[in-house]
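Structural overview
Each chain, written out:
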Amino acid sequence: MSEKIFHGVPASGGIAIGPAYLYHSQGLTVSRRKLKPEEVELELKRFQEALAKTRSQIKGLEEKAKEKLGEEHASIFSAHQVLLEDPLFTEDVARIVSSDHINAEFVLHEALEKFKTVMASLNDEYFRERGGDIRDVGNRVLRNLMGKGDKEELKKLDKEIILVANDLIPSDMVNLPTETIKAFCTDVGGKTSHVAIVSRSMGLPAVVGMQKATMDIHDGDLLIVDGNKGLVLVNPRPHIIEQYRHLKEEYVAFQKSLEAFKNLPAVTPDGRRVTLAANIETPLELDDMARHGAEGIGLYRTEFLYMNREENPSEEEQFQAYKELAVKTGDHPAIIRTLDLGGDKFLSHLNDSEEKNPFLGLRAIRLCLKRPDIFKIQLRAILRAAAYGPIKIMFPMISSLSEVLESKVLLQECAEELKHEGQVFRSGIEVGVMIEIPSAAIIADILIQEVDFFSIGTNDLIQYSMAADRGNESVAYLYDPLNPAILRLIHMTVEAAHKAGKWVGMCGEVAGDPQFIPLLLGIGLDELSASVSVISEIKKIIRMMPYEKAKEIALAATRVKTSDEVFEIIRDNVPAELKAILF
Ligand code: PEP
Ligand code: MG
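The following paragraphs examine the structure supplied in this document. The structure presented is a predicted model; accordingly, all values stated were derived computationally and were not measured. (Residues numbered from 1 in each chain as written. Chains lettered and ligands numbered in written order. Predicted model: local features only at pLDDT ≥ 70, side-chain atom pairs only at ≥ 80, totals over all residues. Heavy atoms only, no water.)

Looking at ligand 1, there are 17 residues lining it, with Arg301, Arg337, Gly457, Asn459 and Arg470 nearest. Contacts to ligand 1 include glycine 457, whose backbone N or O atom sits 3.4 Å from an oxygen atom. A total of 290 Å² of accessible area belongs to ligand 1 in isolation, and the protein chains cover 100% of it. For the shell around ligand 1, the secondary structure elements donating two or more residues are helix 7 (194-202), strand 10 (297-301) and helix 17 (458-466). At three residues, helix 17 tops the list of elements feeding residues into the shell around ligand 1. Looking at the shell around ligand 1 residue by residue, the classes come out as four nonpolar, five polar and eight charged. (Near = heavy atom within 4 Å. Polar contact = N/O pair within 3.5 Å; in protein donor to acceptor, adjacent residues only side chain to side chain. Areas by Shrake-Rupley, 256 points an atom, 1.4 Å probe, with all protein chains shown as cover. Helix = DSSP H or I, 4+ residues; strand = E, 2+ residues; numbered from the N terminus. Nonpolar A, V, L, I, M, F, W, Y, C, P; charged D, E, K, R; others polar.)

To continue, consider the coordination of the magnesium ion (ligand 2). Geometry reference: four tetrahedral donors at a metal, ideal angle 109.5 degrees. Six octahedral donors, ideal angles 90 or 180 degrees. At the metal site, the magnesium ion (ligand 2) is ligated by Glu436 (OE) and Asp460 (OD), and these contacts range over 2.0 to 2.1 Å. Residue glutamate 436 is located in the loop between strand 13 (431-435) and helix 15 (438-442), and its partner aspartate 460 is located in helix 17; the two are separated by 24 residues in the primary sequence. Aspartate 460 shares its class with glutamate 436; the two are buried. (Donors = N, O, S within 2.8 Å, 3.2 Å for Na, K, Ca; no water. Buried < 20%, exposed > 50% of the residue type's maximum accessible area, 1.4 Å probe, protein only.)

Strands sit in the order 1-8-7-3-4-5-6-2 across an open sheet of eight strands; the sheet is mixed. On the outer flanks of this sheet lie strand 1 (4-7) and strand 2 (9-12), each paired with one strand and no other. Here the average twist between neighbouring strands, direction ignored, is 30°. The pairing of strand 7 (residues 222-226) with strand 8 (residues 231-234) spans four bridges and is antiparallel. (Pairing = 2+ DSSP bridges. Axes fitted to C-alpha atoms, helices over the stretch in contact; angles between N-to-C directions.)

Not every positive phi belongs to a glycine, and alanine 364 is a case in point at roughly 55°. Among the secondary structure elements, alanine 364 is positioned in the loop between strand 11 (334-337) and helix 12 (365-370). Unlike most non-glycine residues, alanine 467 shows phi in positive territory, near 55°. Within the fold, alanine 467 resides in the loop between helix 17 and helix 18 (484-499).

Below, the structure is given as structure tokens:
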């Protein structure tokens, strides 16, 4: 076993040492390809081969199950063999490939999706279960067609591992057995991809954008993941492991020392107070929030409530989830962001799988305004929960004034309906919008007239300003928060809010990056919202950074032309004891 070192994007801090486990996502990305007439025969042969391979895999599983569990438990696999004889597999796919000249995996995937929708609509337990079985079999055929391995499900892991995957989509992430995972490494992704965000919120080290992690690393390799530097060491020598054990202890001790800041306010030495709030994805993180001293929630990504299920959450279910938020955050505000589906957060029953550019498509508020039936259920639940605590509402992906106005009309409609029904709810809830599309930053002075606050989403603001897909490691170098173009948009947004006497926060990942804090303070942000795991560190920095000096940094940064110069201004102007921590 030879030692190797790989570099990636440092996505979540910390150090982990442990065996690699290669994970192949259950969610397959299937693309459509038009076949040339001469390719059709080969495609049909490929499909038949995938069917044959599936048959033999199921046979193998059946025999294993018989041996280990007994005859009756193996019957599920005999049933799967029978399902493979369903006309869906034996006739439909081949017929469409021959007539439409489309690749087999796409045809099969489409057929399975249709099947899934029909089965889900039948209110019959038996058919639902059969639907699940045929999807299992179908996915197995798909994996074989696409040359993907046949993997045990991640949920069943019982030992500690470091997870290595090509990509982890948000729906994979919410299903992970967090007790057994010590770190993540992925081929794709940048600092603001969802695998990065979720690993930070779990407090687990992650290196993403490694490009070939799944090729270079094998199951069982011993890995050191250094999420601070973006390094992954494969099968390191014993003295290197020893060195990293020490580094890990130091890191843990540093994190522990931050606990002293838990109950202190986020205030600069010269008295500028900012609100330091948490970004959360699931209510499970609420307990950690208090442990890290967050002052409320600056961003609750509600789309995670909608994932990994066949139907959308009901008004009652959402009401209960938001009420828990209101109650647990106490007197602190909790900002609930309305549904941001689309982009890479995709639900087959809501999003259109054929969108060519999902990040530029029917995402977030665009989808909600097109589907007021779904949107209003969420708005009603939020208004009802707001009766139990200081909940605020925030609309994502706003690009024009009309979207704000339309959303407010729907919110008002919901309030009137609730009033009419005699329900308990809060009227006059504070409404904010995310500034994460350049057009919104440019018309911030117009938008602010209609809302109570702004929250800057730098993940998307940078993605859309630089035209660089946030999940694509090849263009990760363009993710540059210090680029003067981005800083100008942030300045414009802050100025517009303050001129109107309103507050402005930031909830993109930039707000959780220690090196940027002095600049953000100086630009005048009133609130910073970041992953729970970095809150104490950010608080420590704020408490060491004089506001007057921060303002000088922000002003000087407006006068230079490149991000390197901005970086130097920050580095050279923070107090020496802060410089020692940050640079
Ligand atoms: C952002 O875009 O910066 C943001 C906070 O939203 P999300 O990461 O959920 O798109
Ligand atoms: Mg966003």
